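Structural overview
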There are 2 protein chains.
Amino acid sequence: MVAQRPARPPRPTDDVRPRALAAATRLFAARGFEGASLQDVAGEVGVTKQALLYHFASKEELRRAVLGAMVTHWNEALPRVLLAASAADDRFDAVVGELLRFFASDPDRARLLVRHLLDRPAESRELIASHVKGYVAAISSYIARGRERGTHRADVDPEAYVAAVLQLLVVGVASLPVLDVVLDGPRAKAAPRVIAELRRIARVALFPAEAPAPAPRRPTRTRSTARTARRGDP
Amino acid sequence: MVAQRPARPPRPTDDVRPRALAAATRLFAARGFEGASLQDVAGEVGVTKQALLYHFASKEELRRAVLGAMVTHWNEALPRVLLAASAADDRFDAVVGELLRFFASDPDRARLLVRHLLDRPAESRELIASHVKGYVAAISSYIARGRERGTHRADVDPEAYVAAVLQLLVVGVASLPVLDVVLDGPRAKAAPRVIAELRRIARVALFPAEAPAPAPRRPTRTRSTARTARRGDP
DNA sequence: CTTTCTGCTTACCGACTGGTAAGCGAGTGT
DNA sequence: ACACTCGCTTACCAGTCGGTAAGCAGAAAG
């Protein structure tokens, strides 16, 4: 009577594939694609190399799957993020803030992306053209309109600006564990300081001066910037 | 009876070492340390792998030599750059401009640095602490003084700012061959557009608004900004 | 001449790489 | 009972990796 075989009816231990993707993401991000072997990935998952090769026909396919999972994750999360941000009063701060939390929530994906850019520029161009360019075009056209209205700086180059800011956020997050060396304060506070500065740089590069006076003690407008303004130690 | 062995008296074909360093720099930057084999490097130099291993006892030592050559090159060139810049009227624009030209003049070194940050965070921290932190501290204390005087923005976090801008310049240059995908204009003009925008972002994130009106058509003060301000196509 | 050193080359090496082939136990369908 | 597929495991492979050992041509020193 059971005529349907929908997708994956009785898969008891089918969780090795997602776990392999997670482990591969971590290892490829940490050591690079060439630096992490199939045995390393298999070892972290707790299976043999051949079990891995059963799920992914080749290492190259594992790579594609890892990258595919990354863009899938982003394509699912980003529209929600951008929509939520566009509802807020200060769209830009919300978008940048969400992007930062987004990348910072798993730096491995940011590192993976940077490595991919370095390892495979040609494939990266395709990936960007098919999955990133749309976002960039939307945001930059929005910026261009704001520029015409005078709500955004007149000297901004929208597309280049978005590209630069995206880059800044991604590698800022990717290199957080190294960046704190140049900061003087307590190392624990380094990450939020850098992130706050990234937000500030992105913001002031887009908006005209809100206060002509040089010392705006008041957080200007949003309450999220209030947290940004404080800096710690004497 | 020969007591003197000065340094390297008669070395006819001793140029394999510098050529190997150049080739290794290129290959490590392009494929990563694990992705480029000793044979690859040797092949590019035109010698055998064992000839390479004669000059560099191990691949790891080749890596150290490549990185050492990079920091040596920078330590020789940077002070000259910074001094020349500090003589100019608009110090900041000059410094950023020189840094950009500096990194853009050989993107391989920028890529190599980014890869090193990803591959060996711990060693990168040491390298930064010993060779970069000094520059950052000097520039950021200079910025901090400017901030007190009101010539720099009050909300800037000097150290975090310098770290972020350095990062922006380095990876901006490293990822130039990929970035142009998101730009609409002619691909040939992409690099200068992105670089101009990087300069603009770094500048406006540091200096207070020069004109309270939203449309500053006049270059306000320096003549180098006049060149920066122009954007190409309609 | 002989000795000694440099800058290689040839010949190997074991470890490990990604990948293939075949088998096999457990569950399922008929 | 049977065949069949799934999800592996064991066994094995050729190729490449970084690295070692020894020899060898040539120049320099005695």
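Keep in mind it's a predicted model, so treat the numbers as computed, not measured.

Observations concerning the interface of chain A and chain B
Chain A puts 57 residues into the contact, and the matching count from chain B is 54 residues. Approximately 5,200 Å² of surface area, both sides summed, lies buried where chain A meets chain B, with 61% of it carried by carbon and sulfur atoms. In this structure, the connection of chain A to chain B is made through twelve salt bridges. Two residues, glutamate 159 of chain A and arginine 193 of chain B, come together in a salt bridge whose shortest N-O distance is 3.0 Å. The tally of links from chain A across to chain B stands at 26 residue pairs in polar contact (both at pLDDT 80 or more). If you list the elements that add at least two residues to the side of chain A that touches chain B, you get helix 1 (16–31), helix 6 (107–119), helix 7 (121–131), helix 8 (133–149), helix 9 (158–174), helix 10 (176–179) and helix 11 (190–204) of chain A. Of the residues in the side of chain A that touches chain B, the class split is 32 nonpolar, six polar and 19 charged.

With respect to the nonpolar core
One broad trend across soluble globular proteins is that nonpolar side chains are buried collectively. Residues Leu62 and Tyr161 of chain A together with Tyr161 of chain B are the most contacted members of the largest nonpolar core, which totals 144 residues. Setting aside residues up to four positions removed in sequence, tyrosine 161 of chain B forms contacts with Glu197, Arg200 and Ile201 of chain A together with Phe92, Ile143, Val156, Ala202, Ala205 and Leu206 of chain B.

A short note on the relation of the copies chain A and chain B
Of the two same-sequence chains, chain A is brought onto chain B (RMSD 0.1 Å, axial shift 0.0 Å) by a rotation of 180°. What the superposition gives is, in effect, a two-fold axis relating one chain to the other. By residue overlap, the copies meet face to face through one surface: 95% of the interface positions of chain A are interface positions in chain B.

Reading the values: rules and limits
- Residues numbered from 1 in each chain as written.
- Chains lettered and ligands numbered in written order.
- Predicted model: local features only at pLDDT ≥ 70, side-chain atom pairs only at ≥ 80, totals over all residues.
- Heavy atoms only, no water.
- Contact = heavy atoms within 4.5 Å.
- Buried area = accessible area lost by both parts, 1.4 Å probe.
- Salt bridge = Lys/Arg side-chain N within 4 Å of Asp/Glu carboxyl O.
- Polar contact = N/O pair within 3.5 Å; in protein donor to acceptor, adjacent residues only side chain to side chain.
- Helix = DSSP H or I, 4+ residues; strand = E, 2+ residues; numbered from the N terminus.
- Nonpolar A, V, L, I, M, F, W, Y, C, P; charged D, E, K, R; others polar.
- Core = buried A, V, L, I, M, F, W, Y, C linked by side-chain atoms within 4.5 Å.
- Buried < 20%, exposed > 50% of the residue type's maximum accessible area, 1.4 Å probe, protein only.
- Least-squares fit on C-alpha atoms with pLDDT ≥ 70 in both.

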